2 protein chains.
Amino acid sequence: MAKLPAMLSLRHLLILSLAVNVSLVLRMVYEGEQGETNKKMGGYNRIFQKSRLVIPSTSFANSTRKDCSGGMDKIINLDHGDPTMYERFWRQMGDRTTIIIPGWQSMSYFSDPTSICWFLEPEFAKEVVRLHNVVGNAVTQDRHIVVGTGSSQLILAALYALSNPNAAQPISVVSAVPYYSSYPSMTDYQKSGLYKWGGDADTFDKDGPYIELVTSPNNPDGFTRESVVNRNQGLLVHDLAYYWPQYTPISFASDYDLTLFTVSKSTGHAGMRIGWALVKDGEVAKKMTKFIELNTIGVSKDSQLRAAKVLKTVSDSCEEENSQGGEESFFKYSYKMMEQRWKLLRAAVDSGDLFSLSEFSSGFCNFLNQESETQPAFAWLKCEGDIEDCESFLRGHKILTRSGKQFGASPKYVRISMVDTDDNFMQFIDRLSTIQN
Amino acid sequence: MAKLPAMLSLRHLLILSLAVNVSLVLRMVYEGEQGETNKKMGGYNRIFQKSRLVIPSTSFANSTRKDCSGGMDKIINLDHGDPTMYERFWRQMGDRTTIIIPGWQSMSYFSDPTSICWFLEPEFAKEVVRLHNVVGNAVTQDRHIVVGTGSSQLILAALYALSNPNAAQPISVVSAVPYYSSYPSMTDYQKSGLYKWGGDADTFDKDGPYIELVTSPNNPDGFTRESVVNRNQGLLVHDLAYYWPQYTPISFASDYDLTLFTVSKSTGHAGMRIGWALVKDGEVAKKMTKFIELNTIGVSKDSQLRAAKVLKTVSDSCEEENSQGGEESFFKYSYKMMEQRWKLLRAAVDSGDLFSLSEFSSGFCNFLNQESETQPAFAWLKCEGDIEDCESFLRGHKILTRSGKQFGASPKYVRISMVDTDDNFMQFIDRLSTIQN
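Residues numbered from 1 in each chain as written. Chains lettered and ligands numbered in written order. Predicted model: local features only at pLDDT ≥ 70, side-chain atom pairs only at ≥ 80, totals over all residues. Heavy atoms only, no water.

**Things to note about the overall build of chain A**
Thinking step 1. The helix and strand inventory of chain A stands at twelve helices and 16 strands.
Thinking step 2. Residues classed as buried in chain A amount to 62% of the 437 residues present.
Thinking step 3. At a minimum sequence separation of 6, the contacts of chain A that also span at least 24 residues come to 72%.
Thinking step 4. As presented, chain A carries roughly 15,800 Å² of accessible surface, and 52% of it is formed by carbon and sulfur atoms. (Helix = DSSP H or I, 4+ residues; strand = E, 2+ residues; numbered from the N terminus. Buried < 20%, exposed > 50% of the residue type's maximum accessible area, 1.4 Å probe, protein only. Contact = heavy atoms within 4.5 Å. Areas by Shrake-Rupley, 256 points an atom, 1.4 Å probe, with all protein chains shown as cover.)

**Notes on unusual backbone geometry**
Residue and element names in this part refer to chain A.
Thinking step 1. Put simply, S216 and P217 share a cis peptide bond, and its omega is -10 degrees.
Thinking step 2. Among the secondary structure elements, P217 is positioned in the loop between β6 (210-215) and β7 (234-239).
Thinking step 3. Positive phi is not limited to glycine here, since S106 has a value of about 55 degrees.
Thinking step 4. With respect to the helices and strands, the residue S106 is situated in the loop between β2 (99-101) and α4 (122-135).
Thinking step 5. For S106, a relative accessible area of 17% translates into the label buried.
Thinking step 6. With a phi angle near 60 degrees, K398 is a residue other than glycine that sits in the positive phi range.
Thinking step 7. With relative accessibility at 32%, the residue K398 sits in the partly exposed group.

**Notes on the sheet that holds strand β3 (residues 144-149) of chain A**
Residues and elements named next belong to chain A.
Thinking step 1. Reading across from one edge, β3-β9-β8-β7-β6-β4-β5 is the order of the seven strands in this open sheet, with mixed pairing throughout. Only two strands of the sheet have a single neighbouring strand rather than two, namely β3 and β5 (195-200). The sheet shows a mean angle of 25 degrees between the axes of neighbouring strands, taken without regard to direction.
Thinking step 2. One ladder, built from three bridges, connects strand β4 (residues 171-175) with β6; its direction is parallel. Paired with S172 across the bridge in β6 is Y210.
Thinking step 3. In the packing of α4 onto the sheet, the strands contacted are β3, β8 (258-262) and β9 (274-279), and the crossing angle to β9 comes to about 70 degrees. (Pairing = 2+ DSSP bridges. Axes fitted to C-alpha atoms, helices over the stretch in contact; angles between N-to-C directions.)

**Structural notes on the sheet that holds strand β7 (residues 234-239) of chain B**
All names here are of chain B.
Thinking step 1. Read from one edge of the open sheet, seven strands run β3-β9-β8-β7-β6-β4-β5, paired in mixed fashion. The strands lining the two open edges of the sheet, one partner per strand, are β3 (144-149) and β5 (195-200). Averaged over all neighbouring strand pairs, the angle between strand axes comes to 25 degrees, with direction disregarded.
Thinking step 2. In the packing of helix α5 (residues 150-162) onto the sheet, the strands contacted are β3, β4 (171-175), β5, β6 (210-215), β7, β8 (258-262) and β9 (274-279), and the crossing angle to β3 comes to about 120 degrees.

**Points about the interface of chain A and chain B**
Frequently, the measure chosen for interface size is the accessible area that the parts lose on association.
Thinking step 1. Between chain A and chain B, the contact holds 74 residues from the first and 74 residues from the second.
Thinking step 2. Summed over both sides, the interface between chain A and chain B buries roughly 6,500 Å², with carbon and sulfur atoms accounting for 56% of that surface.
Thinking step 3. At the junction of chain A with chain B, the criterion picks out two salt bridges.
Thinking step 4. Residue D302(A) pairs with R306(B) through a salt bridge whose shortest N-O separation is 2.5 Å. (Buried area = accessible area lost by both parts, 1.4 Å probe. Salt bridge = Lys/Arg side-chain N within 4 Å of Asp/Glu carboxyl O.)

**Considerations on the pattern of salt bridges**
Two side chains that carry opposite charge are able to pair once their charged atoms sit near each other.
All names here are of chain A.
Thinking step 1. Tallying each qualifying case throughout the model produces 38 salt bridges over all chains.
Thinking step 2. Notably, a salt bridge pairs R143 with D255, separated by 2.4 Å at the nearest N-O pair. In this pair, R143 sits in the loop between α4 and β3 while D255 sits in the loop between β7 and β8, placing the two residues 112 residues apart along the sequence.
Thinking step 3. Overall, the relative accessible area of 41% leaves D255 in the partly exposed class.
Thinking step 4. Sharing partners across several salt bridges, the network here consists of E127, R130, K312, D316 and E319.

**Focus: empty space enclosed by the protein**
Thinking step 1. Applying the stated criterion across every chain, the model contains eight cavities of 30 Å³ or more.
Thinking step 2. Lining the largest cavity are 23 residues, with Y109(A), I297(A), Y180(B), Y242(B) and K265(B) positioned closest to its centre.
Thinking step 3. Going through the elements one at a time, α5 and α7 (263-266) of chain B are the ones with two or more residues in the lining of the largest cavity.
Thinking step 4. Here the element with the most residues in the lining of the largest cavity is α5(B); it accounts for four residues.
Thinking step 5. For the lining of the largest cavity, the residue count by class is eight nonpolar, ten polar and five charged.
Thinking step 6. Here the lining of the largest cavity spans two domains, since at least three of its residues come from each of domain 1 (6-93 + 329-435) and domain 2 (122-317) of chain B. (1 Å grid on protein atoms, 1.4 Å probe; cavity = no way out; pocket = protein on both sides within 12 Å on 5 of 7 lines; lining within 4 Å. Points joined across faces, edges and corners; volume = space filled by probe spheres on them. Nonpolar A, V, L, I, M, F, W, Y, C, P; charged D, E, K, R; others polar. Domains from an automatic or database assignment.)

**Focus on the state of the cysteines**
All names here are of chain A.
Thinking step 1. One pass over the structure, following the stated rule, counts two disulfides over all chains.
Thinking step 2. Linked covalently through their sulfurs, C383 and C390 form a disulfide whose S-S length is 2.1 Å. As the torsion about the S-S bond is roughly 60 degrees, the C383-C390 disulfide counts as right-handed. Residues C383 and C390 agree in their burial class; the two are buried. (Disulfide = S-S within 2.5 Å.)

**Considering the relation of the copies chain A and chain B**
Thinking step 1. With an RMSD of 0.0 Å, chain A superimposes on chain B once it is rotated by 180 degrees and translated 0.0 Å along the axis. In the structure described here, the two chain copies are related by an operation that fits a two-fold rotation axis.
Thinking step 2. In this assembly the copies share their binding face: 100% of the residues contributing to the interface of chain A also contribute to that of chain B. (Least-squares fit on C-alpha atoms with pLDDT ≥ 70 in both.)

**Topic: the confidence of the model for chain A**
All names here are of chain A.
Thinking step 1. With 83% of its residues at a pLDDT of 70 or more, chain A shows a mean pLDDT of 87.
Thinking step 2. In the model, residues 20-59 has pLDDT below 50 throughout and makes 84 contacts with residues more than four positions away in sequence or in other chains.
Thinking step 3. Throughout residues 61-69 the model reports pLDDT below 50, and contacts reaching past four residues in sequence, or to other chains, amount to 31 contacts. (pLDDT = per-residue confidence, 0-100.)

**Thoughts on the packing of helix α10 (residues 330-350) of chain A against helix α12 (residues 422-435) of chain A**
Residues and elements named next belong to chain A.
Thinking step 1. As a packed pair, α10 and α12 sit with axes 8 Å apart at the nearest point and diverge in direction by 20 degrees. The orientation of α10 with respect to α12, classified from their angle, is roughly parallel. In terms of crossing hand, the pair formed by α10 and α12 is left-handed. Here M337, R341, L344, L345, A348 and V349 of α10 lie close against α12, whose contacting residues are D422, F425, M426, F428, I429 and L432. (Parallel < 35°, antiparallel > 145°, perpendicular 65-115°, else oblique. Left-handed = near helix turned anticlockwise from the far one by under 90°.)

**So, the environment of A161(A)**
Residue and element names in this part refer to chain A.
Thinking step 1. On the secondary structure map, A161 appears in helix α5 (residues 150-162).
Thinking step 2. Measuring from C-alpha to C-alpha, the distance between A161 and M288 comes to 5.4 Å, with 127 residues separating the pair along the chain.
Thinking step 3. Ignoring any residue separated from it by four or fewer positions in sequence, one finds A161 in contact with V284, K287 and M288.

**Digging into the packing of aromatic side chains**
All names here are of chain B.
Thinking step 1. Enumeration over the complete set of coordinates arrives at 58 aromatic pairs over all chains.
Thinking step 2. An angle of 55 degrees between the planes, with centres 5.5 Å apart, marks the rings of Y160 and F291 as tilted. Remark: F291 occurs in helix α8 (residues 282-296) and Y160 occurs in helix α5; sequence separation between them is 131 residues. Accessibility assignment for this pair places Y160 and F291 in one class, buried. (Phe/Tyr/Trp six-rings, centres within 6.5 Å; stacked < 30°, edge-to-face > 60°.)

**Points about the pairing of β4(A)**
Residues and elements named next belong to chain A.
Thinking step 1. Among the five residues that make up β4, five are buried, leaving the element largely enclosed by the rest of the structure.
Thinking step 2. With burial as the criterion, each face of β4 is covered, one bearing I171, V173 and S175 and the other bearing S172 and V174.
Thinking step 3. Sheet topology places β4 next to β5; five bridges connect them, and they run parallel. The residue bridging V174 from the neighbouring strand is G199, located in β5.
Thinking step 4. Taken together, β4, helix α6 (residues 183-188) and β5 constitute a β-α-β crossover, and its handedness is right-handed. (Right-handed = clockwise from strand over helix to strand, strands pointing away.)

**Quick look at the environment of T140(A)**
Thinking step 1. The topology assignment puts T140(A) in the loop between α4 and β3.
Thinking step 2. Those residues in contact with T140(A) that sit more than four places away from it in its chain are V129(A), H132(A), N133(A) and L278(A).

**Comments concerning α4(A)**
Residues and elements named next belong to chain A.
Thinking step 1. For α4, with 14 residues, the first-to-last C-alpha span of 20 Å sits near the 20 Å given by 1.5 Å per residue.
Thinking step 2. Listed as buried for α4 are F124, A125, E127, V128, L131, H132 and V135. Buried positions in α4, seen along its axis, are confined to an arc of 165 degrees and lie on one side of it.
Thinking step 3. Once α4 ends, the next one or two residues include G136, with phi positive near 75 degrees. (Expected span 1.5 Å × (residues − 1). Arc of directions from axis to C-beta.)

This is the structure we're talking about:
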């Protein structure tokens, strides 16, 4: 690790401190605005929330949750993208998203037997369409909606639906580096004869049909993407989990053949396990439905009903904000939170020479009706100089991140969750600054 | 179709009519007992509930729900095992199983990161253990609980966990004829290189490792089963979805390596999509958890919390019945309903010579503390005489069932759901009698 001159470190610490002050003032302004609500919450919304999640390894399965106070000994886990930062918003919304389900409700396997996706709750489908219309991030007309147990199940359903069971060889599944770290294992864990991971889309040169997974904005690096292979016989799956106003300017309504969304990254309700696909071709929607029938015989009705209520509240908050100049909408609120966090992170990174971040251009957001920033749900941090393994380096400082290697990229990069609790995030900013000094 | 003498038909009609009378009287007694509750339900509990589900084909995907009045034109769909008959019980329980989930609750991916199954809600795990202890149908000590999106997902997780990724060939998956109709397609739809459907366990003679799926009581025929291959290198998955007191005497606490249960058949909450596995080996539980992580990144928390409340109410109802001589427990109630239905079915079948049913021996049920009947959730009906294709024959009379062929058995058999709505079931009994006359 490069040793930095003491003067430089002090200057950078000052910058960081000022950035923290700005953040605190901003947050106090928020708290003032929402004072009445906060009082009702019994002091929940203190500046630093209690730490929620500390996990000692990069595997989901080895996770442990601890309540530790700060300090250099605490393990700060920002490996997963657990979107716990939105919990405060939903607490402030009080009962507006509380759901009540009597014991006799939704007992049947069936939600709407007249729909291709017979386990899709009509109320959920209605709110999906409404939210896309409100936000303007996707065309829903003439689309089939297929609900999934999170968008993970829908990615697998899409691979199943787009592959040919009579093909001589499994179809190649590709995505441009850096790609979402789970794509290779999700594609290959069943050793399917239908589809097979084919690696980096940028270097893919095999003839014949292929499936390209296009994540935009991209996980891990946050850039807007388009398909890169662009050959005939290409089948595209657009994973738009992060195409929401808090992460990126909404500059157009997506209009692809097969597009995936999920509540975990849009509203933060990861525990619901609800995602949805917008599908042009009825036969593809049917095959995806068949996959989910064989995989899990449908999708939890309880979560669909709850998701419908959450999406409704988000749409309501957007419409009320616009029509009455009322309370901040969910997206305005979450946009400001992400903005703050990215300011703090950039200040911490700029306080030394050990790390660097990508620069993003801003763009006009049709939803926010203003120029808005790209502020991804993950930071794609690069270790500079002679640090070759950034994940190990940070792990040595008890910061858990996901190595660039897992995304098909260089180990000089790591992916860091930007949507964890305030407490974890602020300790991370503090630790990053300390490392550089 | 054989023509029967008119005298015989009349006699059998009389028997059937008497059986229906017995049923109605029994039901009126129930209604009387539960009068107060019923009044609150706004007259829901009329003798014949409104028809819920009429589906014109054997595929889930082609289902349609219609509200038709009775008569010979109505399609009676008893193909699926949609357990809608229990809805009335849960309505009568009022708010005891109503669940309230605030918008900010259960947002994280994680339920209990210290558990092997990190997405398992501790409250659900607690109620699973309690219910097995109350009913006495499974040993839970020194077991890992893995929750799944229904037991379907757990079957796939078990195949994944028990197969060897480095094996030269996929492991054979077998089950004795008649086996659950979805086992072959569930095993093979991904064309997995890990496992492959191997057919009837009774004739399986391939050397080397294999997985045997043992369903007991069996779907479709209701018989108690044990493994049949019994060679070394055999790995067993016990699917005990129907090992509950309403279907079969509880004569022992199951104590296998890997056992599956589901709320859809125990309490009737199919729409929740919640199942659980009791697993002896920690490594197998880890691999099953990994499967679910890659498949759906966990299981709906909303449904787990709701399932916990439902299971708690079932256990409470059992303990209250025993300790205070109070209201009927869920299992006593459902046992009586199944008992009635089987009496009606046997009377209808006995009213002619076209059909036959298996005979079951009764046994002592440790839970009910009495000699109890085997009264499966499905009837395994045989067409007698020259009717070779029973499913087509019944379809000709607008009764939809699942052909024996789909269970690896003779087309002279069909599987008929015994857990549908009262309305559908009674119309089926009526139709069956009419056919024979």
